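# Observations on the model geometry
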Amino acid sequence: MFPGPIAYLSLSPRSSLDFGRSSKLHLSPKADVKSLISYVAAKTKVINGKYHRFLGRHFPRFYVLYTIFMKGLQMFWADAKKARRIKTNMWKHNIKFHQLPYREMEHLRQFRRDVTKCLFLGIISIPPFANYLVFLLMYLFPRQLLIQHFWTPKQQIDFLDIYHALRKQSHPEILCYLEKVIPLISDAGLRWHMTELCTKIQHGTHPTVHDILALRQCFSNHPLGMNQLHALQMKALSRAMLLTPHLPPFLLRRRLNTHMAVIHQLDKALAKLGVGQLTLQEVKSACYLRGLNSTHIAEEKCRTWLGEWLQISCSLKACEYQGRPTNLLGVQKCFQSTRSYQKNPRGDCGVGYHRYHL
């Protein structure tokens, strides 16, 4: 009579050893999965490196675009994760947007604009096989369709110059409107200040902080209050702030109020942080947002200009701000930019004009 399988296993030490070894292998599936993932990641990294070297050797121009596109995706994804962390922290601690530190507030503002700009590409890529058209449009119209993460260093300078040239085109129109409303100002002192201000601009002399703040009352009620502006004036202000002018008047007014409110909140947060705490890129971005073409201006002059802007913005009291003199800041852009561009349209002017170049 032959022994049963149980007896055979008990009598065979080798079989019992193999059984124990196989049992041990199947008791650690996580280690097997981790080793497999590491192996696949290593192989993918090697293949990716070979692919990059192949592109750089045989298709150098395409390789440059490919590298910029991949780095842009990584930066955009990092921005999205940071924005999500900020929003989660706001929700957990019941923090409002205006209560955020400056850098977090600016990150959310810029990320929202980037998402809005990418929305058009996302919509047209929905139909089947439309991704080929999307890549073609991205290549042909990078300024209009792509955010700065996907621009080359040369494109960043050229495109910012183009946007500022578009912004500059509306400045003479705004200045002309200011001259037309001078007779409508009832207060004789304010009327004299406005006349002097327009005269200074026309002669290439920059207005001082006192010159602008002396006119705050004109911009909180008739004739230059936001509610008194006509559609043409609001469109000109929208172009000066790189906002779309192709909206109904009530939406233009709301968009201008919202935009200037966000800038005012950023100014208060920046004043708490201090201009000296900003990096060079942060200073130049802050100046460009507020109307200064900072791509051709030295860091020290940008910091000086930004400090003077904050002096004007933070001088507005809460009651005055609720009275809607926010377009005072927008018109201040036009004051300084018109004067400086009469001297040099690129921003390569002398020291005295660099400080107030818009």
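Throughout, residues of each chain are indexed from 1 in the direction in which the sequence is written. pLDDT decides what is reported in this predicted model: residues at 70 or higher carry local features, side-chain atom pairs at 80 or more are listed and counted, and totals for whole chains, interfaces and linings draw on all residues regardless. Hydrogens are left out, water is left out, and the side-chain values use all remaining heavy atoms of the structure.

A patch consists of residues exposed above 30% relative accessible area that lack any salt bridge, with like charges linked at up to 9 Å and nonpolar side chains (Val, Leu, Ile, Met, Phe, Trp, Tyr) linked at up to 5 Å. Note that accessible areas follow from Shrake-Rupley with a 1.4 Å probe, and for residues the cover is restricted to the protein chains shown. Each salt bridge in this description consists of a side-chain nitrogen of Lys or Arg and a carboxyl oxygen of Asp or Glu lying within 4 Å of one another. A surface patch of nonpolar side chains, amounting to about 600 Å² of accessible area, comprises L65, L133, L136, Y139, L140 and F141. Put simply, DSSP H or I for four residues or longer makes a helix, DSSP E for two residues or longer makes a strand, and each gets a number counted from the N terminus. Its location among the elements puts L65 in helix α4 (residues 60–93).

For every element, the axis is a line fit to its C-alpha atoms; helices are fit only across the contacting stretch, and the angle between N-to-C directions ranges from 0 to 180 degrees. Axis separation between α4 and helix α5 (residues 102–124) bottoms out at 10 Å; the angle between their running directions is 125°. In terms of orientation, α4 and α5 fall into the oblique class. Pair α4 / α5 crosses with left-handed handedness. Residues F76, D79, A80, K82, A83, I86, K87 and M90 of α4 form the contact with α5, whose participating residues are E104, H107, L108, F111, R112, D114 and V115. Each residue is assigned to one class: nonpolar for Ala, Val, Leu, Ile, Met, Phe, Trp, Tyr, Cys and Pro, charged for Asp, Glu, Lys and Arg, and polar for all the others, Gly among them. The residue makeup of the contact of α4 with α5, split by class, is 8 nonpolar, 1 polar and 6 charged. These descriptions rest on fixed angle ranges, namely under 35 degrees for roughly parallel, over 145 for roughly antiparallel, 65 to 115 for roughly perpendicular, and the rest for oblique. Whether a crossing is left-handed or right-handed is set by the direction in which the near helix is turned from the far one by less than a right angle, anticlockwise for left-handed and clockwise for right-handed. Contact definition: two residues touch when any of their heavy atoms are within 4.5 Å.

Helix length check: α5, at 23 residues, gives a terminal C-alpha distance of 35 Å against a target of 33 Å (1.5 Å per residue), a fit within 8%. Within α5 the residues assigned to the buried category are Y102, M105, E106, H107, L108, R109, F111, D114 and L121. Elements in contact with the buried residues of α5: α4, α6 (131–140), α7 (142–145), α13 (249–273) and α14 (280–289). A helix's residues, less one, multiplied by 1.5 Å, set its expected span. Type-normalised accessible area, obtained with a 1.4 Å probe on protein chains alone, sets the label of each residue: buried when under 20%, exposed when over 50%, and partly exposed for intermediate values.

On to the side chain of D79, then. The topology assignment puts D79 in helix α4. Although D79 is buried, it forms no salt bridge, and the closest oppositely charged side chain is K82 at an N-O distance of 6.8 Å. Polar contact is defined as a pair of N or O atoms within 3.5 Å, subject to the rule that within protein one atom must be able to donate a hydrogen and the other to accept it, and that residues adjacent in sequence are counted only when both atoms are side-chain atoms. Side-chain polar atoms of D79 contact the side chain of H149, separated by 2.6 Å. Excluding residues within four positions of it along the chain, D79 makes contact with H107, F111 and H149. His residues and chain termini do not enter the charge count, which takes Lys and Arg as positive and Asp and Glu as negative.

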